[in-house]
Amino acid sequence: MRIGVLGTGNMAHALATHWVRAGHHLTVGGRDIHKARHLASRLGGDTAAGSLRTAAEDGQDVVLAALPFGAGARVVRDLRTALHGKVLLDCSNPVGPGFRLLTDGGPSAAQQLASAAPGARVVKAFNLCHEDVWRMRPPVFDGRPLAVPLCGDDAAALAHVRDLIRDVGCAPVPGGGLERAGLLEATAALFIALWVGEGADAQAIAPPLAYATGPAGPPGAESGTRVPLR
């Protein structure tokens, strides 16, 4: 694929490293061309550097918006013509002080990008983990690849992002349409609050899939009621 990367920070570096290794062509774009060139040099492979607009134009298959929540919609609005028809991948987390969700009940960060560039095909993914998790080669825990939920409305766009998730060594999980991206962002806020604020294991809050609707057993056992003996 030809992938444009908007941003030169930690998430851009972590994800792009896997995609370069998978053989994709990347163009890193930043407001500071020197930072873009530095990141492109670190990534190596088939990687170029340029402005944000250059990255948006060169990302013929996917454009990663690795941008802070406060800047994302503004940058994307400026690039909306270059992003028309493109897959725009949003990995941002609108989480502020006190682990507060900054969207405050309004449109999700991903939906705000979709509004800023109406012609883009926005997909939400890669927002539930710290960038150092994405640097792992691959992110596998207890022998199981990390599952990555993704949300979007365009089938072809989702297919591209599923491929990029697999390139990171993870397992894509359908999360529904873009209207559900806010749930992913709220989940990130909750998980960060548990991990960082409470030092709690967020994985422990959910039972294994086999127990998602209650323990298996005789009728009535799952509700705690006694099954009469005959």
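Rules and cut-offs
Along each chain, residues carry numbers from 1 onward, in the same order as the chain's sequence is written. A pLDDT threshold of at least 70 governs which residues receive local features in this predicted model, and a stricter bar of 80 or more applies before side-chain atom pairs are shown or counted, although totals over entire chains, interfaces and linings include all residues. By convention in this description, side-chain values take in all heavy atoms of the structure and omit both hydrogens and water. In this scheme, strands are said to pair when DSSP sees at least two bridges between them. A run of H or I in DSSP counts as a helix once it spans at least four residues, and a run of E counts as a strand once it spans at least two, with each numbered from the N terminus. Note on definitions: angles span 0 to 180 degrees between N-to-C directions of axes, and those axes are lines fitted to C-alpha atoms, for helices only across the stretch in contact. Two residues qualify as a contact provided that any one of their heavy atoms is within 4.5 Å of a heavy atom in the partner residue. What pLDDT expresses is the predictor's confidence in each residue, scored from 0 to 100. Computed over the protein atoms alone on a 1 Å grid, cavities are sets of points where a 1.4 Å probe fits but cannot get out and pockets are open sets with protein on both sides within 12 Å along at least five of seven lines; a residue lines them when it has an atom within 4 Å of a point. Grid points are joined across faces, edges and corners, and a volume is the space filled by probe spheres set on the points. We call Asp, Glu, Lys and Arg charged. Ala, Val, Leu, Ile, Met, Phe, Trp, Tyr, Cys and Pro are nonpolar, and the rest, Gly among them, are polar. Among the buried residues, those of types Ala, Val, Leu, Ile, Met, Phe, Trp, Tyr and Cys that are joined through side-chain atoms within 4.5 Å form a nonpolar core. When accessible area is computed with a 1.4 Å probe and restricted to protein chains, residues below 20% of their type maximum are described as buried, those above 50% as exposed, and intermediate ones as partly exposed. Note that the term roughly parallel is reserved for angles under 35 degrees, roughly antiparallel for angles over 145, roughly perpendicular for angles of 65 to 115, and oblique for everything else. Take the far helix as your reference; a near helix turned counterclockwise from it by less than a right angle gives a left-handed crossing, and one turned clockwise gives a right-handed crossing. Each aromatic pair joins two rings of Phe, Tyr and Trp (for Trp, the six-membered one) with centres within 6.5 Å, and gets the label stacked for planes under 30 degrees apart, edge-to-face for over 60, and tilted for any other angle.

Novice: Help me out: how do you make sense of the sheet that holds strand 8 (residues 121–124) in this one?
Specialist: On the basis of which strands lie adjacent, the open sheet formed by eight strands has the order 3-2-1-4-5-8-11-12 and mixed pairing. Two strands close off the open sheet at either side, each with one partner strand: strand 3 (47–50) and strand 12 (171–174). Here the strands of the sheet are splayed against their neighbours by 25° on average, with no regard to which way each runs. Both strand 5 (residues 87–90) and strand 8 contribute to a ladder of four bridges, which runs parallel. Paired with Asp 90 across the two strands is Lys 124, which belongs to strand 8. Lying on the sheet, helix 6 (residues 109–116) is in contact with strand 4 (62–65), strand 5 and strand 8; it crosses strand 8 at an angle near 170°. Contacting strand 1 (2–6), strand 4, strand 5, strand 8, strand 11 (147–152) and strand 12, helix 8 (residues 155–167) crosses the sheet at an angle of about 160° to strand 11.

Novice: Help me understand the confidence of the model for the protein chain, please; the structure alone is not making it clear to me.
Specialist: Close inspection of predicted coordinates is inappropriate in any region flagged by low pLDDT. Scored by pLDDT, the protein chain has a mean of 94; 94% of the residues are at 70 or more. Every residue in residues 221–230 is under pLDDT 50, and counting partners more than four places away or in other chains gives six contacts.

Novice: How do you make sense of the layout of surface pockets when you look at a structure like this?
Specialist: By rolling a water-sized probe across the atoms, one finds the places where empty space is left. As a volume, the largest pocket reaches approximately 1,200 Å³. Surrounding the largest pocket, 34 residues form its lining, Arg 144, Leu 146, Ala 147, Phe 191 and Gln 203 being those nearest its centre. Contributing elements (two or more residues each) for the lining of the largest pocket: helix 7 (131–134), strand 10 (144–145), strand 11, strand 12 and helix 9 (181–198). Residue contributions to the lining of the largest pocket peak at five residues, all from helix 9. For the lining of the largest pocket, a count of residues per class yields 25 nonpolar, five polar and four charged. In this structure, the second largest pocket spans a volume of roughly 590 Å³. Forming the boundary of the second largest pocket are 30 residues, of which Met 11, Leu 67, Pro 68, Cys 91 and Ser 92 lie nearest the centre. Those elements that place two or more of their residues in the lining of the second largest pocket are helix 1 (10–21), helix 4 (69–78), helix 7 and helix 9. Across the lining of the second largest pocket, the residue classes tally to 19 nonpolar, nine polar and two charged.

Novice: Quick question: what am I supposed to make of the nonpolar core here?
Specialist: It is characteristic of soluble globular proteins that their nonpolar side chains tend to be buried jointly. In this structure, Trp 19, Leu 89, Phe 126 and Trp 134 are the most contacted members of the largest nonpolar core, which totals 35 residues. Among the elements that line this core, the one with the most residues is helix 1, at seven residues. Within the second largest apolar cluster, 26 residues are counted, among which are Ala 73, Leu 79, Leu 113 and Val 122.

Novice: Sorry if this is basic, but what is going on with the packing of helix 1 against helix 2 (residues 33–43) here?
Specialist: When two helices pack together, their arrangement is given by the angle between the helix axes and by the axis-to-axis distance. Packing of helix 1 against helix 2 brings their axes to within 10 Å, and their N-to-C directions diverge by 40°. Here helix 2 runs oblique to helix 1, going by the angle between their axes. Viewed along their axes, helix 1 and helix 2 form a crossing whose handedness is right-handed. For the pair helix 1 and helix 2, the contacting residues are Ala 12, His 13, Ala 16, Thr 17 and Val 20 in the first and Leu 39, Arg 42 and Leu 43 in the second. The class makeup of the residues in the contact of helix 1 with helix 2 is five nonpolar, two polar and one charged.

Novice: Even after reading the chapter, I still don't get the packing of aromatic side chains, so can you show me in this structure?
Specialist: In this description, an aromatic ring pair is defined by two values, namely the gap between the centres and the angle between the planes. Using the criterion set out here, one finds three aromatic pairs in the structure. Aromatic side chains Phe 126 and Trp 134 sit 5.1 Å apart centroid to centroid with 85° between the ring planes, which places their arrangement in the edge-to-face category. Per residue, the accessibility class of Phe 126 equals that of Trp 134, and both read buried.

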